[in-house]
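Below are the chains, spelled out letter by letter.
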Amino acid sequence: MKLIVLSDLHLTAPGETIIGIDPWARLDQALAHAQQVHPDATRYVLLGDLTHDAPPGSYERLAARLARLPVPVSMIPGNHDDRAALRAAFPDHPVCGAGFVQSLTDTETHRLVFLDTLADAPDPRHAGALCPARLDWFARALDGAGNRKVVVFMHHPPLAVGFPGMDRIGLLDAAGFWARARGRVAHLVLGHLHRTVSGTWQDTGFTVLKSITHQSPLNMHDTSTGLCVAEPGAYGIILLRPEGVVVHSDDFTLTDIGPVQSDARSV
Ligand SMILES: [Fe+2]
């Protein structure tokens, strides 16, 4: 099973750019690239920050783009999203009983759990939260997994990666999440940081995926949460195997690296 994961789309009003990058052009480029290179993908995942503060009509324009995909799409909101506007544009996308954009889907070997970490009262700093209703739903999703390995997708990391600014606006009160997740989740797939990071936390493997648009610089000193750099855009490719989870990241915007060459001595 192969999944394509697009994180932090930040779709703007038409013509508006972010540090010179047009997010809509990036989305089109990412979708075209992924469909050409990975026609065997069975699901696409949008990992939050679908829009850049929800310009009017942006979710509807996104829905029109996604309607051309031949496979299902699972999505979650991020701190730059408007849950009501998202739900209005995607009326068929599943939500949990309390109305959050949380859902799950099962494969033969895995349960994919999508958590909505958009704070109830929008945090001016853009931190994320999981209220008791969402945590209860998450606990039931874990209880129902049976023998399937659980992969959790959420926008805000419930962990600190050493970026002083962004670590302050991750998932607030992550203890509630870990009280349920520890020892029961095979892998976490995260966004929000606009940078590729991987490791383990609470004995659980995690991967943070880059944005398809602008990235964060590798800066472990600055406390700002608004640092941006025009490093290449990327999307993630996740392979679900009975033995485990493999996560790739492809810088799909790199076009000047020349053709694939062969070195007889092996790489
Ligand atoms: Fe973002």
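This one's a predicted model, so the numbers in the text were calculated from it and none came from an experiment. (Residues numbered from 1 in each chain as written. Predicted model: local features only at pLDDT ≥ 70, side-chain atom pairs only at ≥ 80, totals over all residues. Heavy atoms only, no water.)

### Quick notes on the overall build of the protein
Here comes step 1: Within the protein, the secondary structure is distributed over six helices and eleven strands.
Here comes step 2: Scaling as 2.2 N^0.38, a compact globule of 267 residues should have a C-alpha radius of gyration of about 18 Å, and the protein matches this with 18 Å.
Here comes step 3: A principal-axis box enclosing the C-alpha atoms of the protein has dimensions of 50 × 45 × 40 Å.
Here comes step 4: Here the protein holds 267 residues, and the buried ones make up 53% of them.
Here comes step 5: Considering only contacts within the protein whose residues lie at least 6 apart along the sequence, 65% involve residues at least 24 apart.
Here comes step 6: When the accessible surface of the protein is summed, it comes to about 11,900 Å², and 52% of that surface belongs to carbon and sulfur atoms. (Helix = DSSP H or I, 4+ residues; strand = E, 2+ residues; numbered from the N terminus. Rg over C-alpha atoms; globule rule 2.2 N^0.38 Å. Buried < 20%, exposed > 50% of the residue type's maximum accessible area, 1.4 Å probe, protein only. Contact = heavy atoms within 4.5 Å. Areas by Shrake-Rupley, 256 points an atom, 1.4 Å probe, with all protein chains shown as cover.)

### Digging into the sheet that holds strand β11 (residues 244-250)
Here comes step 1: If you walk across this open sheet you meet the five strands as β3-β2-β1-β10-β11, and the pairing is mixed. Edge strands, defined here as strands with exactly one partner in the open sheet, are β3 (73-75) and β11. Direction aside, the axes of adjacent strands within the sheet are offset by 25° on average. (Pairing = 2+ DSSP bridges. Axes fitted to C-alpha atoms, helices over the stretch in contact; angles between N-to-C directions.)

### Concerning the packing of helix α4 (residues 132-143) against helix α6 (residues 174-181)
Here comes step 1: In contact at an axis separation of 10 Å, α4 and α6 are set at 15° when each is read in the N-to-C sense. In terms of orientation, α4 and α6 fall into the roughly parallel class. Considering only the axes of α4 and α6, their crossing is right-handed. Of the residues in α6, those touching α4 at Leu135, Asp136, Phe138, Ala139 and Leu142 are Gly176, Phe177, Arg180 and Ala181.
Here comes step 2: Classifying every residue of the contact of α4 with α6 by side-chain character gives six nonpolar, one polar and two charged. (Parallel < 35°, antiparallel > 145°, perpendicular 65-115°, else oblique. Left-handed = near helix turned anticlockwise from the far one by under 90°. Nonpolar A, V, L, I, M, F, W, Y, C, P; charged D, E, K, R; others polar.)

### Side note on the pattern of salt bridges
Here comes step 1: As enumerated under the stated definition, the model contains twelve salt bridges in all.
Here comes step 2: Across the pair aspartate 28 and arginine 65 runs a salt bridge, and its minimum N-O distance is 2.6 Å. Of this pair, aspartate 28 sits in helix α1 (residues 23-37) while arginine 65 is found in helix α2 (residues 58-66), placing the two residues 37 residues apart along the sequence.
Here comes step 3: Assessed through its relative accessible area of 31%, aspartate 28 is described here as partly exposed.
Here comes step 4: The partner of arginine 184 in a salt bridge is aspartate 143, and the shortest N-O contact between them spans 2.9 Å. With arginine 184 in the loop between α6 and β7 (187-190) and aspartate 143 in helix α4, the pair connects residues that are 41 residues apart, well separated along the chain.
Here comes step 5: On the basis of relative accessible area, aspartate 143 is assigned to the exposed category, the value being 54%.
Here comes step 6: Ionic contacts of the salt-bridge type, sharing partners, join the residues Arg83, Asp116, Asp120 and Arg134 into one network. (Salt bridge = Lys/Arg side-chain N within 4 Å of Asp/Glu carboxyl O.)

### Remarks on the side chain of threonine 204
Here comes step 1: As for its placement among the helices and strands, threonine 204 is situated in strand β9 (residues 204-208).
Here comes step 2: Once you skip the residues sitting within four places of it in the chain, threonine 204 turns out to touch Trp178, Gly183, Val185, Leu188 and Gly199.

### Notes on the coordination of the iron ion
Each pair of donors in an ideal octahedron of six around a metal sits at 90 or 180 degrees, and each pair in an ideal tetrahedron of four sits at 109.5 degrees.
Here comes step 1: The coordination sphere of the iron ion contains the protein donors Asp8 (OD), His10 (NE2), Asp49 (OD) and His194 (NE2), at a distance range of 2.0 to 2.2 Å.
Here comes step 2: Every donor counted, the four donor atoms about the iron ion form angles of 86 to 177° at the centre, which fits irregular coordination.
Here comes step 3: On the primary sequence, the residues serving as donors to the iron ion are separated as D-x1-H-x38-D-x144-H. Here aspartate 49 lies in the loop between β2 (43-46) and α2 and aspartate 8 lies in the loop between β1 (2-6) and α1, a separation of 41 residues in the sequence.
Here comes step 4: A residue is classified by how much of its surface remains accessible, and aspartate 8, at 0% relative accessible area, is buried. (Donors = N, O, S within 2.8 Å, 3.2 Å for Na, K, Ca; no water. Tetrahedral: all angles 85-135°; square planar, octahedral: opposite > 155°, others 65-115°.)

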